[in-house]
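Spelled out from the first residue to the last, the chains are:
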Amino acid sequence: MPEKPILEIEGLCKSFPGLDHRALEPVDAEVPPGRIMGLVGPDGAGKTTLLRLAAGLLTPEAGSVRVLGLDPLRDAARARELTGYMPQKFGLYEDLTVMENLDLYADLRGLTGEARDERFETVLHFSELKPFSGRRAGALSGGMKQKLGLACALLSRPKLLLLDEPSVGVDPVSRRELWRMVHELIQEGIGVVWSTAYLDEAELCDQVVLLSGGRMLYNGPPRELAERVRERCFRISGITTGRRRLLTRLLDREEVVDGVIEGANLRIVLREPDERTMLESEAGEKSGTVHPVEPRFEDAFVDLLGGAPPGTSALAEKIEEKRHGEDARVVEARELTKRFGDFTATRAVSFGVRAGEIFGLLGPNGAGKSTTFKMMCGLLKPSSGEALVSGTSLSHAPGEARQKVGYMAQKFSLYGMLNARQNLEFFSGVYGLRGKARRKRVDEMIELFGLADYLGQSSEKLPLGIKQRLALACAVMHTPDILFLDEPTSGVDPVTRREFWSHINGLVRKGVTIMVTTHFMDEAEYCDRIGLMFRGDMIAIDTPHALKESVVSKDLEKPTLEDAFIELIQRWRDRKEVA
Amino acid sequence: MLLRLRALVIKEILALVRDPRSRIVLIMPPLIQLFIFSFAATLEVRNNSLAVWNEDAGAASAELVQRIGSMGTFEEVAYVHDESAFNRQVDYQKSLLGIHIPQDFSSSLAAGTPTTIQVVADGRRSNSGQIALGYLSEVLEDFQADMEPGPAAGAPAVAVRHWFNPNLHYFWFVVPSLVAILTTIMTMIVTALSLSRERELGTFEQLMVSPLTPSYILAGKAIPAFFVAMAEASLIVFFAVFVFHIPLQGSVLLLYLTMAAYILSLVGIGLFISALCATQQQAILGVFSFVLPAVLLSGFAGPVDNMPDWLARLTVVNPLLHFKEICKGIFLKDISLHAIWSHTWPMLVLAVLNTSAALAIFRRKFS
Amino acid sequence: MDGPPISARRVRALVKKEFHQIARDPSSILIAVIIPLLLLFIFGYGLSLDSHDLRLGVVLESSDTEARDFGAALTGSDYFVVDTGHDIREFSDRLRDGHLRGIVVIPEDFAVRLTDPGKGPAIQIISDGSEPQLAAFVENYVKGAFRVWLRQRQIESGRVMPPALQIEQRFRYNPSLRSRNFLIPGSIAVIMTVVGALLTALVVAREWERGTMEALLASPVTRAELVIGKFIPYFFLGLGSFTVCLLLAILVFRVPLVGSLPALYAVTCLFLLTALGLGLTISAATKDQFVAAQIALNAAFLPAFILSGFVFEIKSMPMWIQVITFFIPARYFVDSLKTLFLAGDVWSILLPDMLLLSLTTIIFLALTARNMARRLD
């Protein structure tokens with residue numbers, strides 16, 4: 001007897017005034033009890049809209065959504081009792097303690113008396129927050145906030161749990177714990193909708209609804225989608241040098257649908273299985289060997305979106321090769337420490353970036369990446385230690401030193417009210433381009449990045465992918481030697497992400513030095529070397545490949561970077577306890 | 001370097017002009033306020049009511065009442081016939097003044113015996129009451145002089161001339177003051193709030209990483225704010241002269257020069273506030289903390305002359321007061337260069353001090 | 001159906017939450033205590049309609065005893081600080097530049113003109129018309145001083161019998177005639193308006209910006225509960241603020257309080273409800289702190305200051321503006337406060353004020369509830 005689904009969505013549509021496309025095209029989905037449905041897609045795909053519709057916070061334009069047969073709008077009171085909702089940013093009151101937050105939500109949901117005490121016990125134990133019940137929510141780490149948010153959503157024993165990007169920016173250990181918690185919950189028959197932009201999380205779900213630009217691209221078990229590209233996925237390993245060049249060449253080819261760097265290897269998806277021979281000959285030139293691999297959800301997604309863009313970056317082609325000494329340490333951090341009151345954000349962080357290298361700072365939110373990054377850029381003064389770029393500290397540096405640096409801030413700080421051309425003209429003006437040269441550059445950028453169709457609109461109204469392009473254009477217009485990129489691809493769809501990285505790869509081949517921060521594990525793989533940061537400490541620096549190798553063991557034969565990170569964190573903690 | 005500054009200024013102005021909210025906020029409120037407040041802010045004693053309780057039936061009292069009624073100070077004369085009604089008129093704020101003429105008024109006058117008229121005023125409006133009483137006293141004096149036997153020699157005449165504003169139009173005082181006040185609010189909003197908003201949005205970081213030094217970045221905020229404020233103020237001056245017909249005795253050039261100095265001082269203060277404040281919320285409180293006292297202590301509602309000495313001396317640091325004095329002076333009085341300068345140099349000093357402080361704070365925070 | 005419209009338990013939870021946040025956020029204390037104190041100090045000392053020590057220039061064109069006698073009378077007055085000279089040109093520049101507020105010219109043939117008005121005015125009073133309030137004061141007081149002096153002279157010279165007509169002046173309420181006594185109650189009203197608007201304008205917008213509003217809306221809480229839950233804590237904070245102002249007014253500025261405390265608090269409660277309602281309406285509608293702040297400044301402070309009747313009398317304003325003031329809640333509060341402080345519990349004034357305040361409260365509460373979107377679209 002098939003059980004009644006907890007959540008039923010049929011032909012659900014939603015538009016917002018001011019947006020020229022629908023936020024949600026007709027979506028159909030069902031969540032049976034005891035299952036996790038992954039709502040997957042980049043920013044702006046419609047995930048939050050869908051969740052809000054299910055929670056009764058928005059009115060559907062067409063179609064219907066039912067929670068155990070109830071309409072969240074018409075039967076609001078009953079539907080709300082059955083639904084637990086955790087919005088982005090977790091919905092916590094930062095000034096209130098853990099207990100006070102729980103009290104508030106318990107009262108709001110009518111949980112009283114013995115049932116309440118019991119439930120508190122369960123929930124506090126489950127989320128391991130009992131020892132912290134007196135701490136202000138704002139003082140909790142990202143992972144703990146996440147658990148608290150979940151705890152608050154669980155108070156009324158909901159049948160349906162709606163989680164909006166619960167794992168974004170959280171450290172991998174906490175992320176795993178959250179998944180464990182959710183798996184326990186579904187044993188009790190709860191239906192969970194988990195929205196995420198991390199494609200690897202899609203594979204952990206029972207079923208996946210894939211959204212992009214409001215359209216539902218796929219609805220079904222993740223495995224089935226991945227199966228579509230079975231036989232077409234390969235890894236090239238053993239490449240000696242020039243893996244980026246190889247990747248670029250491969251991506252330029254028609255037969256290659258997708259390709260990414262995986263540490264020392266390349267992962268390629270072909271259009272047809274029998275193109276393998278072509279692949280082998282290409283790889284052979286670089287003494288690489290080709291093995292077939294298990295298809296991943298991400299591979300299928302990119303395939304569905306039409307494949308990755310060509311590898312050659314027109315932008316990179318245009319810039320001159322940067323010349324410098326072989327081992328010149330272009331960016332260097334020496335014992336960087338930053339304290340805010342009695343809170344230490346970074347502790348004696350040291351690393352060096354060589355010219356023409358991509359260096360990544362990897363870690364969850366709150367690890368100290370942004371703080372370190374800002375100190376490198378001269379935006380924050382270190383409490384002690386030095387941050388040097390080309391030998392001088394940027395904060396004391398005269399204009400010429402800064403002229404060589406390009407910066408792309410988180411969430412692409414563009415001037416929202418200005419249109420694309422005005423933004424480009426502004427940044428080029430600020431960096432000293434003038435007259436004809438300036439106009440030429442601006443026009444070049446517009447052409448290279450395909451911005452011509454978007455010139456008239458205010459930049460805040462542009463789609464995320466276009467904004468990213470524009471932000472990158474603004475950052476490189478003055479042909480800097482060094483680029484600082486702060487979480488440059490957060491929230492964008494995989495195709496846009498690959499395009500971005502093709503530009504980066506092209507720039508690196510021309511000798512530009514790049515420092516990037518990210519909390520995406522797979523993005524870290526594109527870097528030459530990464531620095532792992534955790535709670536203010538730099539716990540490891542090495543190539544992605546070497547980091548993975550360092551944790552190989554009997555239980556972990558083929559560790560992913562995430563596995564490596566978790567293991568390294570564990571070792572770090574053990575070392576600290578001993579010391 | 002100047003070209004980079006130009007890029008900054010253009011960006012700022014574009015951001016202001018292209019934001020529909022800014023456009024509304026910059027044009028509508030000042031004009032609406034100008035119209036309403038010009039008419040509302042008056043300390044003239046007008047449209048008041050006089051309560052008359054005349055217990056006398058004689059001709060003398062009738063004559064007196066008639067004279068008072070034609071005074072012009074009182075729009076309405078309310079006749080009451082008993083004590084409680086009389087008291088109620090003033091108590092319930094229906095009348096500003098009340099006159100009680102006793103029963104034996106006419107007969108006493110004729111007989112030459114002393115008689116007393118009671119005048120009651122509303123202490124809750126003591127200021128207006130005193131002024132009305134003054135006018136009333138004159139009428140009574142004239143009446144008495146006319147009643148006295150002997151040649152109608154008449155009382156000595158007193159000539160009164162109100163220079164610069166012969167008819168004591170409150171308008172002429174209020175509108176120039178409003179030029180100063182409304183400009184203040186606009187400028188503070190554009191300077192202080194926009195800077196802190198940029199910091200919250202994150203674009204500020206982009207500027208700090210670029211080759212622009214803190215002085216240029218601040219200049220990039222100050223210059224557009226300056227021009228926008230000058231434009232605003234000009235708009236208000238335009239209305240003052242051509243719609244409200246306030247005379248402009250002094251030189252327009254001087255008005256603009258001092259306006260520039262004033263706006264510079266405001267921009268300096270705005271930059272200082274936003275340098276200190278990390279969040280928009282704090283900046284809002286900061287702006288409030290400046291604007292409210294500035295308006296209150298500018299002499300707009302209560303003259304500086306009436307303040308205790310120590311406070312009056314403190315007002316020298318209030319740029320709003322200085323500019324208001326200059327506006328008043330240039331519009332109505334064509335005041336001397338010396339007087340203008342005495343009000344201008346404090347504004348310039350404030351401009352320099354605040355801007356340097358803002359710059360120092362920025363430099364310290366970021367390097 | 002939204003279930004029971006108002007649950008005491010949910011409201012209590014929301015109120016508790018709000019109080020916790022207020023206690024841990026210093027800016028609320030700043031707004032509720034520091035700013036009112038500061039403002040009241042400034043209002044109290046800075047705003048006065050009682051002129052004293054006005055600088056006057058007396059031009060003695062004549063040197064005979066009569067003239068000098070009157071000149072001395074002016075010099076001896078408490079209201080003026082007199083500079084004596086012999087040529088008006090000494091003073092006219094100073095008048096223009098604002099160093100003098102008035103000039104009194106006692107002409108050459110003063111003594112003659114005293115008895116023969118046909119020869120011209122006995123004294124000429126020149127005032128600085130650019131400060132109309134002071135000009136009116138100068139005119140009034142100099143004329144009054146002149147009259148008194150003339151009267152005195154007549155009595156001394158025995159020429160005229162004691163006046164047959166005496167005027168007995170009485171001021172009902174505020175017998176000390178300190179303008180402060182009615183300005184301060186009015187100031188409190190303006191301060192409460194500002195405090196109310198500031199407290200709430202930022203509060204709801206903040207909740208939207210931090211994302212907690214969404215979580216609240218997904219719970220069973222109703223719109224009415226949300227509004228009440230925001231109101232109650234800030235209402236008490238506002239009452240606290242008012243009490244602070246009251247203490248300052250009575251203890252430091254010595255403003256007399258004739259009316260009763262219950263009446264005072266009753267009116268204040270009503271006004272606070274309105275002020276908070278206005279603030280919450282703005283806050284709920286804009287969801288943006290930047291805009292909310294501007295509205296608070298423009299729509300709360302300035303109208304309260306200028307149109308509430310606190311300094312500028314409503315009766316003196318043109319009719320169309322008087323109509324506008326009907327919609328300014330501060331007007332009723334100013335009226336009630338002045339009455340309560342100076343006149344006592346005059347219910348015929350207080351009741352209509354309270355009625356109108358109730359009306360505005362209801363309007364703003366309804367607007368707030370409507371703008372407090374139950375949904376996000």
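Residues numbered from 1 in each chain as written. Chains lettered and ligands numbered in written order. Predicted model: local features only at pLDDT ≥ 70, side-chain atom pairs only at ≥ 80, totals over all residues. Heavy atoms only, no water.

(A) Fine view of the overall build of chain B. On a plain count of helices and strands, chain B comes out with 14 helices and five strands. Compactness check: chain B gives a C-alpha radius of gyration of 28 Å against a globular reference of 21 Å for 367 residues, more than 25% above the reference. Its C-alpha atoms put chain B at 95 × 40 × 40 Å along the principal axes. The buried share of chain B, taken over its 367 residues, is 62%. For chain B, the share of sequence-separated contacts (at least 6 apart) that also reach a separation of at least 24 residues comes to 80%. Accessible surface for chain B amounts to roughly 13,700 Å². Of this, 64% is attributable to carbon and sulfur atoms. (Helix = DSSP H or I, 4+ residues; strand = E, 2+ residues; numbered from the N terminus. Rg over C-alpha atoms; globule rule 2.2 N^0.38 Å. Buried < 20%, exposed > 50% of the residue type's maximum accessible area, 1.4 Å probe, protein only. Contact = heavy atoms within 4.5 Å. Areas by Shrake-Rupley, 256 points an atom, 1.4 Å probe, with all protein chains shown as cover.)

(B) Geometry of the overall build of chain A. Each helix and strand counted, chain A has 21 helices and 22 strands in total. Against the compact-globule benchmark of 25 Å for 579 residues, chain A has a radius of gyration of 25 Å, which places it among compact chains. Each principal axis of the C-alpha distribution contributes one length, and for chain A these read about 70 × 55 × 55 Å. For chain A, the proportion of its 579 residues judged to be buried stands at 60%. Taking the contacts inside chain A whose residues are at least 6 apart along the sequence as the reference set, 72% of them involve residues at least 24 apart. For chain A, the accessible surface area stands at approximately 22,700 Å², while carbon and sulfur atoms represent 47% of it.

(C) Spatial organisation of the environment of Ile263 of chain B. Residues and elements named next belong to chain B. Considering the arrangement of structural elements, one finds Ile263 in helix H10 (residues 252–276). Taking the C-alpha atoms as reference, Ile263 lies 47 Å from Val90; in sequence the two are 173 residues apart. Once residues within four sequence positions are removed from consideration, Ile263 is found in contact with Thr183, Thr187, Phe226, Ala229 and Met230.

(D) Region of interest: unusual backbone geometry. Residue and element names in this part refer to chain A. One non-glycine residue, Leu68, adopts positive backbone phi at about 50°. Topologically, Leu68 is positioned in the loop between strand S4 (62–67) and helix H2 (76–82). Not every positive phi belongs to a glycine, and Arg157 is a case in point at roughly 50°. Tracing the chain through its elements places Arg157 in the loop between helix H5 (142–154) and strand S6 (160–164).

(E) The side chain of Lys221 of chain B, seen in detail. All names here are of chain B. Tracing the backbone through its elements, the reader meets Lys221 in helix H9 (residues 214–242). Using a relative accessible area of 6% as the deciding quantity, one classes Lys221 as buried. Within the structure, the side chain of Lys221 is placed 2.9 Å from the side chain of Glu12, a separation counted as a polar contact. Excluding residues that lie within four positions of it along the chain, Lys221 makes contacts with Glu12, Ser194, Leu195, Glu198 and Leu271. (Polar contact = N/O pair within 3.5 Å; in protein donor to acceptor, adjacent residues only side chain to side chain.)

(F) Seen up close, the domain arrangement of chain A. All names here are of chain A. Split by domain assignment, chain A resolves into domain 1 (7–220), domain 2 (229–312), domain 3 (313–404 + 480–543) and domain 4 (414–479). A separation of 36 Å is found between the C-alpha centroids of domain 1 and domain 2. With both sides pooled, the region where domain 1 packs onto domain 2 buries about 690 Å², and carbon together with sulfur makes up 84% of that total. Our enumeration of links across domain 1 and domain 2 arrives at zero salt bridges. Inspection of the domain 1/domain 2 interface yields one residue pair in polar contact (both at pLDDT 80 or more). Of all the secondary-structure elements, those providing two or more residues to the side of domain 1 that touches domain 2 are helix H7 (199–202), strand S8 (207–212) and strand S9 (215–220). Of all the elements, S8 adds the most residues to the side of domain 1 that touches domain 2, at three residues. For the side of domain 1 that touches domain 2, the residue count by class is eight nonpolar, one polar and one charged. (Domains from an automatic or database assignment. Buried area = accessible area lost by both parts, 1.4 Å probe. Salt bridge = Lys/Arg side-chain N within 4 Å of Asp/Glu carboxyl O. Nonpolar A, V, L, I, M, F, W, Y, C, P; charged D, E, K, R; others polar.)

(G) Highlighting the interface of chain C and chain A. With 29 residues of chain C at the interface, the matching set in chain A holds 29 residues. In this assembly, chain C packs against chain A so that about 2,700 Å² is buried in total across both faces, 58% of it on carbon and sulfur atoms. In terms of surface lost to chain A, no three residues of chain C exceed Arg9, Arg24 and Glu214 of chain C, which account for 20% of the buried area on that side. There are two salt bridges connecting chain C and chain A. Notably, a salt bridge pairs Glu214 of chain C with Arg52 of chain A, separated by 2.8 Å at the nearest N-O pair. Where chain C touches chain A, the interface holds nine residue pairs in polar contact (both at pLDDT 80 or more). Mapped by element, the contributors of at least two residues to the side of chain C that touches chain A are helix H1 (8–24), helix H7 (179–210) and helix H8 (212–218) of chain C. Of the residues forming the side of chain C that touches chain A, the biggest block, nine residues, is contributed by H1 of chain C. A per-class count over the side of chain C that touches chain A returns ten nonpolar, six polar and 13 charged.

(H) Just the sheet that holds strand S14 (residues 329–340) of chain A, in detail. Residue and element names in this part refer to chain A. Spatial ordering of the open sheet is given by S15-S14-S17, a layout of three strands whose pairing is antiparallel. This sheet does not close on itself; its edge strands, each paired only once, are strand S15 (343–354) and strand S17 (384–389). For this sheet, the mean inter-axis angle between neighbouring strands, taken without regard to orientation, is 15°. Inspection of the sheet shows S14 paired to S17 by five bridges, in the antiparallel sense. When the sheet's bridge partners are listed, Ala333 is paired in S17 with Ala387. Sheet contacts for helix H13 (residues 369–377): S14, S15 and S17; angle to S14, the most-contacted strand, approximately 120°. (Pairing = 2+ DSSP bridges. Axes fitted to C-alpha atoms, helices over the stretch in contact; angles between N-to-C directions.)

(I) Helix H13 (residues 329–343) of chain C, seen in detail. Residue and element names in this part refer to chain C. With 15 residues, H13 extends 21 Å from end C-alpha to end C-alpha; this agrees with the ideal 21 Å at 1.5 Å per step. Across the 15 residues of H13, 14 count as buried, placing the element largely inside the fold. Phi turns positive, to about 110°, at Gly344, one or two residues after H13. (Expected span 1.5 Å × (residues − 1).)

(J) Focus on the pattern of salt bridges. All names here are of chain A. According to the stated counting rule, one finds 75 salt bridges over all chains in the structure shown. A salt bridge links Asp563 to Arg176, with the shortest nitrogen-to-oxygen separation between them at 2.7 Å. Pair noted here: Asp563 is in helix H21 (residues 561–578) and Arg176 is in helix H6 (residues 172–187), with a separation of 387 residues, a long-range link. Given the relative accessible area of 16%, Asp563 is considered buried.

(K) Focus on the state of the cysteines. Residues and elements named next belong to chain A. Across all of its chains, the model carries zero disulfides over all chains by this definition. In this structure Cys233 is a free cysteine whose sulfur lies 20 Å from that of Cys205, the closest cysteine sulfur available. Cys233 sits in the buried class, given a relative accessible area of 1%. (Disulfide = S-S within 2.5 Å.)

(L) Summary view of the sheet that holds S4 of chain A. Residues and elements named next belong to chain A. Here we have three strands laid out as an open sheet, ordered S2-S1-S4, and antiparallel in their pairing. Both edges of this open sheet fall to strand S2 (24–31) and S4, since each of them pairs with a single strand only. For this sheet, the mean angle separating the axes of adjacent strands, direction not counted, is 15°. Pairing analysis gives five bridges linking strand S1 (residues 7–14) to S2, with the strands arranged antiparallel. Bridge assignment links Leu7 to a residue of S2, and that residue is Val31. Set on the sheet, helix H1 (residues 47–55) makes contact with S1, S2 and S4; between it and S1 the angle comes to about 120°.

(M) Fine view of the nonpolar core. Grouped together as the largest cluster of nonpolar side chains are 292 residues, with contacts concentrated most on Phe351, Leu424, Phe484 and Met515 of chain A together with Ile188 and Phe305 of chain C. Per-element accounting of this core gives the leading share, 18 residues, to helix H7 (residues 170–201) of chain B. Leu424 of chain A has contacts with Val442, Met445, Ile446, Leu451, Leu470, Ala473, Cys474 and Met477 of chain A, leaving out every residue within four places of it along the chain. In this structure, Ile9, Val98, Ala153 and Trp179 of chain A belong to the second largest nonpolar core, which totals 91 residues. (Core = buried A, V, L, I, M, F, W, Y, C linked by side-chain atoms within 4.5 Å.)

(N) Spatial organisation of the side chain of Glu282 of chain A. Residue and element names in this part refer to chain A. Here Glu282 shows up in helix H10 (residues 276–285). A distance of 2.8 Å separates a polar atom in the side chain of Glu282 from a polar atom in the side chain of Arg249. Discounting chain neighbours no more than four positions away, the residues touching Glu282 are Leu246, Arg249, Leu250 and Arg253.

(O) Looking closely at the pairing of strand S2 (residues 74–80) of chain B. Residues and elements named next belong to chain B. Across six bridges, the pairing between strand S1 (residues 48–54) and S2 is parallel. Bridge pairing in S2 links Val52 to Tyr79. Considered for its hand, the β-α-β crossover made up of S1, helix H3 (residues 59–69) and S2 is right-handed. (Right-handed = clockwise from strand over helix to strand, strands pointing away.)

(P) Up close: the packing of helix H15 (residues 420–430) of chain A against helix H16 (residues 435–448) of chain A. Residues and elements named next belong to chain A. Taken N-terminus to C-terminus, the directions of H15 and H16 make an angle of 135°; their axes are 10 Å apart at the nearest point. It follows from the interaxial angle that H15 and H16 lie oblique. For the pair H15 and H16, the crossing hand works out as right-handed. Across the interface between the two elements, Arg421, Leu424, Glu425, Ser428 and Gly429 of H15 pack against Arg438, Val442, Asp443, Met445 and Ile446 of H16. (Parallel < 35°, antiparallel > 145°, perpendicular 65-115°, else oblique. Left-handed = near helix turned anticlockwise from the far one by under 90°.)

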